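Here is what each chain is made of, one letter per residue.
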Amino acid sequence: MTAISGRVYVLGDNVDTDQIIPAEYLNLVPTIPEEYRKLGSYALAGLPRAAGEPPFVPEGETTTPYAIVVAGRNFGCGSSREHAPIALGAAGAKAVVAESFARIFFRNCVATGELYPVETPERIVEAFRTGDEAILDLDASTLANCRTGAAVALRPLGDAGPVIAAGGLFSYARKTGMIPGAGAA
Amino acid sequence: MSAPMTMTEKILARAAGRSAVAPGDNVWVTADVLMTHDVCGPGTIGIFRREFGSTARVWDPDRVVLIPDHYIFTSDEKAHRNVDILRAFAAEQGIPHLYDVGTPRYKGVCHVALPEGGHTRPGEVLFGTDSHTCTAGAFNEFATGIGNTDAAFVLGTGKLLLKVPPTMRFVFDGELPPYVLAKDLILHVIGDIGVDGATYRAMEFAGEAIMRLSMEERMTVCNMVIEAGGKNGIIACDETTRAFVRARTRKPFTEVANDPGARFLVERRYDARALEPTVAKPHSPDNRALARELADVRLTRAYIGSCTGGKVTDFVSAARVLKGRRVAVATFLVPSTTDVSRALRLETIDGRPLLDIFRDAGCQVSLDASCAACLGGPRDTFGRINGPEVCISTTNRNFPGRMGSKEGQVYLASPYTVAASAVTGRITDPREVLQ
Ligand code: SF4
């Protein structure tokens, strides 16, 4: 029942948090709504791009046309800044599908509930081109490329799935009785 | 009898209130210290209020340490607002450990400020909203970086769910050569295992060469375990550790040692005597080469600073090379903390203060301690790379755009190598210049 469809944005290995959200924008505080939106507009602003490659967030816009990021190894390495998954989520991305993730980035995706960080047993970046339409089926653990008709297998989300689906660590902790009561907000 | 445990496992077992844990166990651990700074503190506080309510109290004000350090000497208004948020929160919650900007208590870079303030103690669990929190593993504790949401959870509950990592052990036999520093050693290891070689794992450093290092040099080693993806770094406790910690805190602590027969995921042995000055080329900390192999790389600037390369010993090392010489490229020096800044005036080589040695050499020295250009920062940050510079730096990351512009190229190296390279204007093995 959990399926995400949309266009993919394809990246390589070791995309670090400075590329996802450059440090000059870390003066923005994610819990302040307009600064949250601003973070989204800068998502992947630090990415070195070859001429002709489209930006993740189009010039002058605040959200991305790409719902799914496809990447290689060690996505989100570097800093512990939660601004990184938040920037991608605030831009409108729903999931990152990568061969592997850096530990803190993965954890921050789960804790914030901003993004599904999905691992693949094999390298998939060659099977997709930026702009391809794809369907991410979290129950079947597949990512299907609508252009080629091919589907790649995903590693199941395991324990992280219900936490993200609940909306992050706090919602999950309340739902499961780990912490009492509801927030004041 | 439970199975023998590593240092990391023993600390987490104690913090979880269990007699034993094993790698892969998910356990709730109690934090001894939670550190946050001006970049992640405001977001953490925002989540804390949203989730626990506007009148919520932190679990233990004495265990929260607030260290503004990232964006301090800038005209950026949001940066100042963020420090104000920390200030207001400390006042509201009665948090005594705020190292506030513009006061005599201001310190600077959190990972150096924490030990200076006596907040790093053997056997404890330290969480920080910064990936280089792993630096404190040098003090025989479990220290790791976490995000804002996890940190807000800790603020409210004092607890966090952790998966116990298996330990990779790196043993360095023999003594390091005099021209090789801790930075060379850790760059060598990262080159060996890669930027994701220790993901989800603890990295233990052991052996004669490690135990001969000063606390500051041990911090340099543990600082960069995150550059291999590591969860934490750890070093055994010895007289060097105890003397450093006891000089800065009266709080009692319980050191930990590996149990005989403790299990390691891997154990790698190195001959420390064979290590050479090492460099990480753009744009990754595992893109390893020897300094002597890069002699044709021409530089436009050099940078000495940060939590990993801006401590007192780093500047003493740099000054040994720069004394009586002139730099050939723009060379920026930023002390990590105010104590280091003071030491630039007080520490001498042959009677000459470090600061004078650097100024004589033509370096640009900021006395304002902070992260500065290590992570680029706001546009007006001292030493920030704003164009196609080729920089050699004692910092810990050289991803594209890390020190500012995406056009910049950053080489990571020890203070010896950076200083020697600053003198010649090309990447230089310090053996060429030393003596
Ligand atoms: S000095 Fe650099 S690496 Fe260290 S905490 Fe500051 S920004 Fe991070």
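Bear in mind that the values here come from a model prediction, so they are computed numbers and not experimental data. (Residues numbered from 1 in each chain as written. Chains lettered and ligands numbered in written order. Predicted model: local features only at pLDDT ≥ 70, side-chain atom pairs only at ≥ 80, totals over all residues. Heavy atoms only, no water.)

A. Expanded view of the site of the ligand. Inspection of the region around the ligand gives His70, Val109, His111, Asp130, His132, Ser306, Cys307, Cys371, Cys374, Leu375, Asn396 and Arg402 of chain B as its neighbouring residues. Here the shell around the ligand is built from residues that sort into five nonpolar, five polar and two charged. (Near = heavy atom within 4 Å. Nonpolar A, V, L, I, M, F, W, Y, C, P; charged D, E, K, R; others polar.)

B. The arrangement of the sheet that holds strand E11 (residues 266–271) of chain B in detail. Residue and element names in this part refer to chain B. If you walk across this open sheet you meet the four strands as E10-E9-E8-E11, and the pairing is parallel. A single partner strand is all that each edge strand has here, and the edge strands are strand E10 (232–235) and E11. Ignoring which end each strand starts from, the neighbouring axes of this sheet average 20° apart. Where strand E9 (residues 202–206) and E10 come together, four bridges link them in parallel fashion. The residue of E10 that forms the bridge with Glu204 is Ile234. In the packing of helix H8 (residues 215–223) onto the sheet, contacts are made with E9 and E10, and the angle to E10 comes to roughly 150°. (Pairing = 2+ DSSP bridges. Helix = DSSP H or I, 4+ residues; strand = E, 2+ residues; numbered from the N terminus. Axes fitted to C-alpha atoms, helices over the stretch in contact; angles between N-to-C directions. Contact = heavy atoms within 4.5 Å.)

C. Inspection of the interface of chain B and chain A at higher detail. Taken together, the contact pairs 51 residues of chain B with 46 residues of chain A. Carbon and sulfur atoms make up 54% of the area that chain B and chain A hide from each other, which totals about 3,800 Å². Seen at the junction of chain B and chain A, the total is seven salt bridges. Here Glu24 of chain A makes a salt bridge to Arg379 of chain B, at a shortest N to O gap of 2.9 Å. (Buried area = accessible area lost by both parts, 1.4 Å probe. Salt bridge = Lys/Arg side-chain N within 4 Å of Asp/Glu carboxyl O.)

D. Representation of a nonpolar patch on the surface. Side chains of Met178 of chain A together with Trp28 and Leu161 of chain B sit close together on the surface and give an oily, nonpolar patch of about 230 Å² of accessible area. In this structure, Met178 of chain A sits in the segment after helix H6 (169–175). With a relative accessible area of 35%, Met178 of chain A lands in the partly exposed category. (Patch = residues over 30% accessible without salt bridge, like charges linked within 9 Å, V, L, I, M, F, W, Y side chains within 5 Å. Areas by Shrake-Rupley, 256 points an atom, 1.4 Å probe, with all protein chains shown as cover. Buried < 20%, exposed > 50% of the residue type's maximum accessible area, 1.4 Å probe, protein only.)

E. Quick peek at the packing of helix H11 (residues 312–322) of chain B against helix H14 (residues 415–424) of chain B. Residues and elements named next belong to chain B. Running from N to C, H11 and H14 point in directions that differ by 35°, and their axes come no closer than 8 Å. For the element pair H11 and H14, the recorded crossing hand is right-handed. Along the contact surface, H11 presents Asp314, Ser317, Ala318, Arg320, Val321 and Leu322, while H14 presents Pro415, Tyr416, Ala419, Ala420 and Val423. Per-class residue counts for the contact of H11 with H14 are eight nonpolar, one polar and two charged. (Left-handed = near helix turned anticlockwise from the far one by under 90°.)

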